[in-house]
Every structure is written in structure tokens, then in C-alpha cells.
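Working through the structure, step by step
Here is what each chain is made of, one letter per residue.
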Amino acid sequence: MTKERGVRMVTADVALKEWAAVVGALASGEQLLIIRKGGIQDPKGTFQLEYREFFLYPTLEHQKEELLRPEFRGRFSFSGDPEKIPFQVYAGVAFCAEVKNPNIFLKLQKYHIWMPEFFEKRMEYKSDEPALAVVLRAYRLKEILLHPVRPEYAGCRSWVKLAEPAQAAAPDPVIDNRRFRLALEEIAGCFGT
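Residues numbered from 1 in each chain as written. Predicted model: local features only at pLDDT ≥ 70, side-chain atom pairs only at ≥ 80, totals over all residues. Heavy atoms only, no water.

We now examine the overall build of the protein. Assigned secondary structure in the protein consists of four helices and eight strands. Counting every position in the protein, which comprises 193 residues, the buried fraction comes to 48%. Pairs at least 24 residues apart make up 86% of the contacts formed inside the protein by residues separated by at least 6 positions. Here the protein has roughly 10,100 Å² of accessible surface; of this, 50% comes from carbon and sulfur atoms. (Helix = DSSP H or I, 4+ residues; strand = E, 2+ residues; numbered from the N terminus. Buried < 20%, exposed > 50% of the residue type's maximum accessible area, 1.4 Å probe, protein only. Contact = heavy atoms within 4.5 Å. Areas by Shrake-Rupley, 256 points an atom, 1.4 Å probe, with all protein chains shown as cover.)

Our next topic: the packing of aromatic side chains. Taken as a whole and assessed by the stated rule, the structure comprises 13 aromatic pairs. On the basis of an interplanar angle of 20 degrees and a centroid distance of 5.2 Å, the ring pair of phenylalanine 55 and phenylalanine 87 is categorised as stacked. Of this pair, phenylalanine 55 sits in strand β4 (residues 53-59) while phenylalanine 87 sits in strand β5 (residues 84-99), and the two are 32 residues apart along the sequence. Each member of the pair, phenylalanine 55 as well as phenylalanine 87, carries the same accessibility label: buried. Where phenylalanine 95 meets phenylalanine 191, the ring centres are 6.0 Å apart and the plane angle is 50 degrees; that geometry is what we call tilted. With phenylalanine 95 in strand β5 and phenylalanine 191 in the segment after α4 (177-190), this residue pair connects regions lying 96 residues apart in the sequence. For phenylalanine 95, a relative accessible area of 13% gives the class buried. An aromatic cluster of three or more residues is present, and its members are Trp19, Phe95, Phe105, Trp114, Phe118, Phe119 and Phe191. In this structure, lysine 17 packs its charged tip against the face of tyrosine 57, placed 5.3 Å from the ring centre. Residue placement shows arginine 137 over the ring face of phenylalanine 180; its charged tip is 4.5 Å from the ring centre. (Phe/Tyr/Trp six-rings, centres within 6.5 Å; stacked < 30°, edge-to-face > 60°. Lys NZ or Arg CZ within 6 Å of the ring centre and 35° of its normal.)

A word on the pairing of strand β6 (residues 131-148). Pairing of strand β3 (residues 33-36) with β6, which is carried by four bridges, proceeds in the antiparallel orientation. Residue pairing across strands places isoleucine 34 opposite valine 134, the latter belonging to β6. As paired elements, β5 and β6 share 14 bridges and run antiparallel to each other. Across the sheet, the residue bridging to cysteine 96 is valine 134, located in β6. (Pairing = 2+ DSSP bridges.)

In this section: the side chain of glutamine 31. Here glutamine 31 shows up in the loop between α1 (20-28) and β3. The exposure class assigned to glutamine 31 is buried, which follows from its relative accessible area of 1%. From its side chain, glutamine 31 meets the backbone oxygen of leucine 33 in a polar contact 2.7 Å long. Non-local contacts of glutamine 31, meaning those with residues more than four positions away in its chain, are made with Val22, Ala25, Leu26, Tyr111, His112, Ile113 and Trp114. (Polar contact = N/O pair within 3.5 Å; in protein donor to acceptor, adjacent residues only side chain to side chain.)

On to α1, then. The element α1 is extensively covered by neighbouring structure, given that eight of its nine residues are classed as buried. Along α1, the positions that sit buried rather than exposed are Ala20, Ala21, Val22, Val23, Gly24, Ala25, Leu26 and Ala27. The first or second residue beyond α1 is glycine 29, which carries a positive phi of 85 degrees.

A few words now on the nonpolar core. Counting residues in hydrophobic clusters, the biggest one holds 49 residues, and the most contacted among them are Phe105 and Phe191. Looking at which element gives the most residues to this core, the answer is β6, with seven residues. Counting residues in each nonpolar core, the second largest holds 15 residues, with Val10, Ala12, Leu145 and Tyr153 among its members. (Core = buried A, V, L, I, M, F, W, Y, C linked by side-chain atoms within 4.5 Å.)

Let's shift gears to the environment of leucine 136. If you trace the backbone, leucine 136 turns up in strand β6. For the pair leucine 136 and phenylalanine 180, spaced 44 residues apart in sequence, the C-alpha separation works out to 9.9 Å. Here leucine 136 is in contact with Leu26, Leu32, Ile34, Phe54, Leu56, Ala91, Gly92, Val93 and Phe180, once residues within four sequence places are set aside.

The final tally for this structure, using the stated rule, is eight salt bridges. Arginine 36 is the partner of glutamate 18 in a salt bridge, and the nearest nitrogen-oxygen pair spans 3.0 Å. Of the two residues, glutamate 18 sits in strand β2 (residues 7-19) while arginine 36 sits in strand β3, which places them 18 residues apart along the sequence. Here glutamate 71 ties to arginine 69 by a salt bridge, and the two come within 3.1 Å at their closest N and O atoms. What makes glutamate 71 partly exposed here is its relative accessible area of 45%. (Salt bridge = Lys/Arg side-chain N within 4 Å of Asp/Glu carboxyl O.)

If you want it as C-alpha cells, here you go:
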């Protein structure tokens, strides 16, 4: 975090692509974790947790409504200028664990918006590669930051290196510290840590 004319700022030159529905759920506090295996254009086709803080890049690529629990279908989307990425969430990694059994997510249902089929499909994809569960500490920006879309951002990749760093006034945590700490303890406990 930096200060610009007395205002604390966050700046990042990287964004993590994630379903628009998941970004919306993270922004509302209805989701705390994401599952990653890696995009086709990721190095070696696997997800690497290269960054600890970043903006979330909402995308409709690969998003499937039928893989969201019914109460969350159609609730989160984005529209507007197709030449701008609407950053609304800044996030930091709070916890990461390898997923060995997708049934763990049934215990963690209150921390995500997915149907059980989502986890089955995620585990089947590149079945020899591990999936990572990543708990994010989400911060909602005070104002949506519109960042220009560039051709090099396209494609099935997890990380997008921004051509120009994005900067916003220091965002507020989506959920309070106590509630987040308790949730983090419960999630980590399900993974045996």
C-alpha cells in the first residue's frame, strides 16, 4: 500500500482471471475460496501461485451457470464497455492447500457458490495434476476501476500481467477480521492444517 496525497492506495500490475460469478460472490462475502488447476496458456498448463496480492479479473470464459448452486445463478454478471475490465475486488492469499478429495467442499459449502459437479469436473480435468484450494481475503474497491482490455489478456490463462499497473484507493475488507479469522480456521481445519 502506498499513499498518494494523503489517501492510501493499492497498486498491482497483475490480475487473476476468475469467473465473473465468483468475483461477484467474493465481492459480496458469499465466497471465500477458489479452486485452481491451470489454464491451457499457463506455464506447463498448471496453476502456480505466483503472486500474493492482485486484482481479480472477472471473465465469462468457461463460466457455466449449471455449475453454480441454483440460488446463485443469474445473480452475478457484468456488462458495459467490452473494451474495459471492471476491477471491483483486490485480493490477498490467506491460505492454500492441495485438494486430495473433492468431497471436502461439501463441508465447506457455506464458503463457495458451486455445485458438487463443479468439483468433480475440476478434479477430472488434468487428473494427474493437483488442484489447489486458495482462500482469498477479498477487499471491495470503493469505486469500480475500469482497466483497458488488451489482446494479450485474452485466452485461457490464470494470471494477466497488466500493461499498466492498476491503482485504486485502499479498499475495505469484504468481511470483518473476526469473521474472516473464524472462517479461515474452519477451512484450514478441514484440510488438516
